[in-house]
Amino acid sequence: MTKGQAEVIQAALQVLNDQGYAGVSLRAVARQMGVRMNTVVWHVKSKKRLDELMADAIVAGVSLEGLPKHWQKRAAELARRYRRALLAYRDGASVVVGTYAAEPATLAVADALTAAFLDGGFTEQEAAWTCWCVAYLTLGLCQEEQALPRAPVAESESEHLGALHRTWPFVQDGSFDERFDYGIAKLIAR
């Protein structure tokens, strides 16, 4: 990444935190930087490319240092770090889920997670697909957490739904940490 690109991405992440993902545009980034829009376009070319670089910058918040040796503990810790990186930015999960960023940080995190599964005896296909499942669970749960409405939905809304009504206290449970840990444990169980 060039110095100019890095400056654009930092400005874009500031816009993201200030205005949310809906407020991020090439024009908004240019305003944030105090430059003309063509300067931003020169460095990132398009909104799609801006999104890819922002996504990779968000995922770059996942430290690959000091990971546990045991594959399950390593996979779980990587997933937790990935979640923290997404939650570190307002609408961070929405930025990442909306891209296919084959960029250095994103690839490094995917490689580390896939390696943990291979070390655990997964086949190549199982390792790749379980990596995707962990990413999808993490992204989806983070998106939900970041978009959570202020007021919970009333239980009466589920009264006509049998199974959902029976499990309503757990459906409305706001403990994203517990739900995340539960899902990761199920995905990496061997």
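Note that this is a predicted model, so its numbers are computed, not measured.

Brief notes about the overall build of the protein chain
- Counting its regular elements, the protein chain contains eleven helices and zero strands.
- The linear arrangement of helices and strands in the protein chain, starting from the amino end, is α-α-α-α-α-α-α-α-α-α-α.
- Seen through its principal axes, the protein chain has C-alpha atoms that stretch 55 × 45 × 25 Å.
- Contacts spanning at least 24 positions in sequence make up 67% of the contacts within the protein chain whose residues lie at least 6 apart.
- When the accessible surface of the protein chain is totalled, it reaches about 10900 Å², and 55% of it is carbon and sulfur.

Side note on the pattern of salt bridges
- All told, the structure shown has twelve salt bridges when counted by the stated rule.
- The residue aspartate 119 makes a salt bridge to arginine 74 at a minimum N-O spacing of 2.9 Å. Placement of aspartate 119 in helix α7 (residues 104-119) and of arginine 74 in helix α5 (residues 71-87) is noted, with a sequence separation of 45 residues between them.
- One continuous salt-bridge network, built from bridges that share partners, spans Lys48, Arg49, Glu52 and Glu103.

Re the UniProt feature "DNA-binding region" (unreviewed entry) in the protein chain
- UniProt's entry tags residues 25-44 with the feature "DNA-binding region" (unreviewed entry), counted in the numbering of this structure.
- Helix makes up 80% of residues 25-44 and strand 0%, whereas the separation of the span's terminal C-alpha atoms amounts to 12 Å.

A short note on the side chain of glutamate 77
- For glutamate 77, the position within the fold is in helix α5.
- Assessed through its relative accessible area of 16%, glutamate 77 is described here as buried.
- Within the structure, glutamate 77 has its side chain in polar contact with the side chain of arginine 84 (distance 3.5 Å).
- Not counting chain neighbours up to four residues away, the residues in contact with glutamate 77 comprise Leu67, Pro68 and Arg84.

Looking at the domain arrangement of the protein chain
- Domain annotation for the protein chain reports domain 1 (5-45) and domain 2 (64-188).
- On a C-alpha basis, the centres of domain 1 and domain 2 stand 28 Å from each other.
- When domain 1 packs against domain 2, the two sides together hide about 600 Å² of surface, and 58% of this comes from carbon and sulfur.
- Sorting the residues of domain 1 by area buried against domain 2 places Leu16, Asn17 and Tyr21 first, and these three jointly supply 70% of that buried surface.
- Taken together, domain 1 and domain 2 are joined by zero salt bridges.

Calculation criteria
Residues numbered from 1 in each chain as written. Predicted model: local features only at pLDDT ≥ 70, side-chain atom pairs only at ≥ 80, totals over all residues. Heavy atoms only, no water. Helix = DSSP H or I, 4+ residues; strand = E, 2+ residues; numbered from the N terminus. Contact = heavy atoms within 4.5 Å. Areas by Shrake-Rupley, 256 points an atom, 1.4 Å probe, with all protein chains shown as cover. Salt bridge = Lys/Arg side-chain N within 4 Å of Asp/Glu carboxyl O. UniProt positions renumbered as here; feature names shortened; annotations may be inferred. Buried < 20%, exposed > 50% of the residue type's maximum accessible area, 1.4 Å probe, protein only. Polar contact = N/O pair within 3.5 Å; in protein donor to acceptor, adjacent residues only side chain to side chain. Domains from an automatic or database assignment. Buried area = accessible area lost by both parts, 1.4 Å probe.

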